[in-house]
Number of protein chains: 2
Amino acid sequence: MQLGIDAGATRVKWSLAHHGNILARGDAPALTGHLFSKTQQGNATERLQHLHASVHQAWPDVNLSSVLAGITGLDAGEPSALTLRTLLSRTFALPEQAVQVHSDLHLTYLAYYEPGAGALLYAGTGSIAYLLDSQGKAHRTGGYGYLLGDEGGAWWLARESLKCLLRIKDDGQPPPPVLTAKLQSSLGPLDWPTLRAFVYGSERSHLASLAPLVTEAAQEGDPVAQAIIANAARELARLLSNLTRLHPAQHDLTACGGALTPFVFTLLRSYLPHHQVTYGQRCVSDANALRLTPASAEGHAEKRVLRPSQ
Amino acid sequence: MQLGIDAGATRVKWSLAHHGNILARGDAPALTGHLFSKTQQGNATERLQHLHASVHQAWPDVNLSSVLAGITGLDAGEPSALTLRTLLSRTFALPEQAVQVHSDLHLTYLAYYEPGAGALLYAGTGSIAYLLDSQGKAHRTGGYGYLLGDEGGAWWLARESLKCLLRIKDDGQPPPPVLTAKLQSSLGPLDWPTLRAFVYGSERSHLASLAPLVTEAAQEGDPVAQAIIANAARELARLLSNLTRLHPAQHDLTACGGALTPFVFTLLRSYLPHHQVTYGQRCVSDANALRLTPASAEGHAEKRVLRPSQ
C-alpha cells in the first residue's frame, strides 16, 4: 500500500492506495516544513503521531510499502525535508528510501501538469504561483509565508479582516455590520483581549479558518469584506501574471486551493482579462498515493495523475 | 533596593535604585506578556533567569525590597500579568505583594506625564499611541502587535523592507541598491532560503534589529527605503492624530521609542502640521525603579519621575 500526504498549514489530507485504487482518505492536524527550532521539531513529531493514528483508525491492517509527502514550507533535499523524511520513516516503520518528501506545491503541480505544460496559482492557507519548466526546474512568484507574503491566502484574508476592524475602530468609524456579525458569531465579542488571545495564542490554522466568513460577508454586500476580497484577487492575479510574463511558453493556467473559492476566482479572472485560467479541484493526496503505485499498475496510475486534461 | 524593569520584544532594560539614586543599569534578553502557551511560559521563565543573572552580575550584593515591571503585550490584572508577577516573585525571592506588573506603555506614560497631562506616541519594536485621562483610565490607538498592526515599529520597518525586496524581484524589477547592500551586509545573500530561515526561524528581535539599516538606506537616498520610512511616519501620525481627536483635552504630545529616530520624527511632524510634538528620550527603567523608592525618599523620586517638564 502507498500513502500520499498533502500537508498544509491548515490540515493534512492523506490517501491510501493499493494497485491503482484509493482505499481510504482522511484528515490529520496541520504540518509544515518550518522546523527551525526544537519546539517546531517536537510539534512535527506530535503531528506525525496524529497522522499515523488517523491512517490506522481508517485502515487498521495497513501494510505500507512507501510514502510520498508534499509538505508546505520546504523544498526537497533541504534540511527540513531530510528531517521530515527521517521522522516519517520512524513513524511508519519504513526504510528512509521508501519515503519521499517534496514541497506541497511541487506535488500539486504534478497532479495537474507534466513539467513544462502549464502554471499553477495556489491559494490555500498561503498563496503562490508555481511552475516546472520543461527541464523540470521550479519557478515561482510569492509563497513567502504569512509574515512576508501569502496575499490572498486564507490566513491573510482572515488577518486582513481583523486588522481592518481594528483600524476602523481607531479611526472612529462605525464597524461594517455584516463582517462584524459573522466574526462575532465565531469569536464572541471583538474586543482587544479576545482578538489578541485568538491571534497570538492559537494555531495559525484557527485564524485561517475565519476566511470563509470574509467571503460570505463580501457576497452579502459588506463593503469592507468586498474590498478585502478584491485586494486578494488583485494580489493573486499579480502572482500569476508575473510568473507567466517571466515564462510565456506556459500557456495553460490553473487556479486552485481552499481559499480560491468560485467567488474569488470570478474576480481573479476579471483582473486577468488576457489569460485563460481554469478552476482546479483535484485531490492532491489521491494523486500522491497513486503516483507511488507499484510498477504493475503504474501506467494506469500515471494516467490518472498526470494528464492535465482529466 | 528597588528594581525597575522595562520589558520589550527586543530587549529588557532594568535599573536598580536605592534611596532615590540609580545604582546600576543593564540589559537582558527580550520578554513579552504573550504567555498563551506552555512554550511561551517556559520561555518567560528562562528569560527571567537571564534577567536575574544580569542584575546579580552588575550588583552582586543586591537586596531587593520591591520590583516594578512594565511589560509589553499585557495589561495589569489580566492572567498574563498575574503569571508574570508570580514568576518574578519566585525569581527574585520576594513576596508577591512586593511585585507590580503593568503594561510597559502604562509605566512609560507615567515616566513622562501625570494622568490627564498629555498623550504618548511610542514606536519601539511595535507601535501605539497611549494616554491616561484625568481619571486614570487608559485610552489607545494601535498597539495590536506584529500580526495585526505595529505599523512604523522596528519589526514592521524590517519586515516591510524584506517584503518589498521580494515583491520587486517577483515584479522583475531591479533591486534597490543601497537597501539591498545594507541588508546583505547583515544577512548575507538575500535568497529565499536565507530570508525564510531568518524570518521564520529566529526571534522577532533579530528581525527588528534590521530597522536601523532601513533608516540609514533612506537617509542615503534609497527610494524604496524612503517610501517605507514615509509610510511608517504616516502610520504613526495616524495613531497620534486619531487618539488626540478622540481626547482633544490632552494637548501635550510626546513621541518616543527606539524606532522613533530623529529622521522618522522629522517626517512625523510634517504629517502633523497642526500638532506640537516633543521628542522624548527618558529612561523608563530608571523611572520605574525610582517610583518604588521607599517613603523617606518618595517626594524626591516622584518629582524626578512624574513631571513632564523635566
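Residues numbered from 1 in each chain as written. Chains lettered and ligands numbered in written order. Predicted model: local features only at pLDDT ≥ 70, side-chain atom pairs only at ≥ 80, totals over all residues. Heavy atoms only, no water.

Visitor: Honestly, the environment of Ala123 of chain A in this entry has me stumped. Any pointers?
Guide: Residue and element names in this part refer to chain A. Here Ala123 is to be found in strand S6 (residues 119–123). Owing to a relative accessible area of 0%, Ala123 belongs among the buried residues under this scheme. For Ala123, the contacting residues outside a window of four places in its chain are Gly152, Leu236, Cys256, Gly257, Gly258, Ala259 and Leu260. (Helix = DSSP H or I, 4+ residues; strand = E, 2+ residues; numbered from the N terminus. Buried < 20%, exposed > 50% of the residue type's maximum accessible area, 1.4 Å probe, protein only. Contact = heavy atoms within 4.5 Å.)

Visitor: Looking at this structure, I do not really get the sheet that holds strand S5 (residues 99–103) of chain B. What am I missing?
Guide: Two modes of strand pairing occur in sheets, parallel and antiparallel, and in both the strands are linked by backbone hydrogen bonds. All names here are of chain B. Taken in spatial order, the five strands make up an open sheet running S3-S2-S1-S4-S5, and their pairing is mixed. Of all strands in the sheet, those with a lone pairing partner are strand S3 (21–29) and S5, marking the two edges. This sheet shows a mean twist of 15° between the axes of neighbouring strands, independent of strand direction. When strand S1 (residues 2–7) meets strand S2 (residues 11–18), the two strands line up antiparallel, connected through six bridges. Residue pairing in the sheet places Ala7 in a bridge with Val12 of S2. Most of the contacts of helix H2 (residues 79–91) go to S5, to which it runs at about 145°, and overall it touches S1, strand S4 (66–71) and S5. Against the sheet, helix H3 (residues 104–112) contacts S1, S4 and S5, and its axis sits at roughly 90° relative to S5. (Pairing = 2+ DSSP bridges. Axes fitted to C-alpha atoms, helices over the stretch in contact; angles between N-to-C directions.)

Visitor: What is the right way to read the relation of the copies chain A and chain B from this model?
Guide: In summary, the two copies of the chain are related to each other by a rotation about an axis coupled with a shift along it. The transform that puts chain A on chain B rotates by 180° and translates by 0.0 Å along the axis, for an RMSD of 0.0 Å. Taken together, the rotation and translation describe the operation of a two-fold axis. When the interface residues of chain A are mapped onto chain B, 100% of them again lie at the interface, so the same face is used by both copies. (Least-squares fit on C-alpha atoms with pLDDT ≥ 70 in both.)

Visitor: What am I meant to see in the packing of aromatic side chains here?
Guide: Here a ring pair, both rings aromatic, is described through the centre-centre distance and the interplanar angle of the planes. Tallying each qualifying case throughout the model produces twelve aromatic pairs over all chains. Plain terms: the ring middles of Tyr146 of chain A and Tyr200 of chain B are 5.6 Å apart, the flat faces sit at 45° to each other, and that makes the pair tilted. Taken together, the residues span two chains, with Tyr146 of chain A in helix H4 (residues 145–148) and Tyr200 of chain B in helix H7 (residues 192–201). When its relative accessible area of 17% is taken as the criterion, Tyr146 of chain A is described as buried. An aromatic cluster of at least three residues, connected via ring pairs, comprises Tyr109, Tyr113 and Tyr130 of chain A. Its end group placed over the ring of Tyr146 of chain A, Arg204 of chain A keeps NZ or CZ at 4.0 Å from the ring centre. (Phe/Tyr/Trp six-rings, centres within 6.5 Å; stacked < 30°, edge-to-face > 60°. Lys NZ or Arg CZ within 6 Å of the ring centre and 35° of its normal.)

Visitor: I keep staring at H7 of chain B and nothing clicks. Help me out?
Guide: For an α-helix, the turn length of 3.6 residues means that residues three or four places apart are oriented alike. Those residues of H7 of chain B not exposed but buried are Trp192, Leu195, Arg196, Phe198, Val199 and Tyr200 of chain B. On the buried face of H7 of chain B, the contacting elements are helix H1 (38–58), strand S8 (138–142) and H4 of chain A together with helix H5 (154–170), helix H6 (177–187) and helix H8 (204–208) of chain B.

Visitor: How should the UniProt feature "domain: ATPase BadF/BadG/BcrA/BcrD type" (unreviewed entry) in chain A be read in this particular structure?
Guide: Those residues carrying the UniProt feature "domain: ATPase BadF/BadG/BcrA/BcrD type" (unreviewed entry) are residues 3–258 of chain A in this numbering. Regarding residues 3–258 of chain A, the helix share stands at 48% and the strand share at 21%, and the terminal C-alpha atoms are separated by 22 Å. (UniProt positions renumbered as here; feature names shortened; annotations may be inferred.)

Visitor: Just to check I follow, could you spell out the packing of helix H10 (residues 223–246) of chain A against helix H11 (residues 262–271) of chain A for this structure?
Guide: Between two packed helices, both the angle of their axes relative to each other and the distance between the axes serve to describe the pair. Residue and element names in this part refer to chain A. Across the interface, H10 lies against H11 with an axial gap of 8 Å and an inter-helix angle of 55°. The angle between the axes of H10 and H11 places the two elements in the oblique class. Two packed elements cross with a definite hand, and for H10 against H11 that hand is right-handed. Residues Ile229, Ala230, Ala233, Arg234, Leu236 and Ala237 of H10 touch H11, and the partners they reach there are Phe263, Val264, Leu267, Leu268 and Tyr271. Of the residues assigned to the contact of H10 with H11, the class counts are ten nonpolar, no polar and one charged. (Parallel < 35°, antiparallel > 145°, perpendicular 65-115°, else oblique. Left-handed = near helix turned anticlockwise from the far one by under 90°. Nonpolar A, V, L, I, M, F, W, Y, C, P; charged D, E, K, R; others polar.)

Visitor: Would you mind showing me how to read the pairing of S1 of chain B here?
Guide: As a general feature of sheets, a regular strand has side chains that alternate between the two faces. Residues and elements named next belong to chain B. Among the six residues in S1, six count as buried, and that is most of the element. Here S1 shows two buried faces, one formed by Gln2, Gly4 and Asp6 and the other by Leu3, Ile5 and Ala7. In this structure, S1 lies alongside S4, joined through six bridges in parallel fashion. When the bridges of S4 are listed, Gln2 appears paired with Ser66.

Visitor: Teacher, can you tell me more about the pairing of S8 of chain A here?
Guide: Residue and element names in this part refer to chain A. Both strand S7 (residues 127–132) and S8 contribute to a ladder of five bridges, which runs antiparallel. Paired with Tyr130 across the bridge in S8 is Arg140. In sequence, S7 turns back onto S8 through a hairpin of five residues, with Gly136 there showing a positive phi of about 85°.

Visitor: Explanation requested: the interface of chain A and chain B in the structure shown.
Guide: By a frequent convention, interface size equals the accessible area lost on bringing the separate parts together. With 37 residues of chain A in contact, the opposing surface of chain B contributes 38 residues. Interface area, chain A with chain B, both sides summed: about 3,600 Å², of which 53% is carbon and sulfur. Taken together, the connections running from chain A to chain B amount to eight salt bridges. The partner of Arg196 of chain A in a salt bridge is Glu78 of chain B, with the nearest N and O atoms 2.5 Å apart. (Buried area = accessible area lost by both parts, 1.4 Å probe. Salt bridge = Lys/Arg side-chain N within 4 Å of Asp/Glu carboxyl O.)

Visitor: Can you help me understand the packing of helix H9 (residues 211–219) of chain B against helix H10 (residues 223–246) of chain B in this one?
Guide: Residue and element names in this part refer to chain B. The N-to-C vectors of H9 and H10 enclose an angle of 115°; their axes lie 7 Å apart at closest approach. With respect to the hand of their crossing, H9 and H10 are arranged in left-handed fashion. Two secondary-structure elements touch here, H9 through Val214, Thr215, Ala217 and Ala218 and H10 through Ala225, Gln226, Ile228 and Ile229. Along the lines of polarity and charge, the residues of the contact of H9 with H10 split into six nonpolar, two polar and no charged.

Visitor: What should I look at first to understand the side chain of Ser15 of chain B in this one?
Guide: All names here are of chain B. Tracing the backbone through its elements, the reader meets Ser15 in strand S2. Judged by relative accessible area, Ser15 falls into the buried class, the value being 0%. Here the side chain of Ser15 touches Ser285 through a polar contact of 3.1 Å, side chain to side chain. Polar side-chain contacts of Ser15 include one of 2.5 Å to the side chain of Asp286. Those residues in contact with Ser15 that sit more than four places away from it in its chain are Gln2, Leu3, Gly4, Ile22, Ala24, Arg25, Ser285, Asp286 and Ala289. (Polar contact = N/O pair within 3.5 Å; in protein donor to acceptor, adjacent residues only side chain to side chain.)

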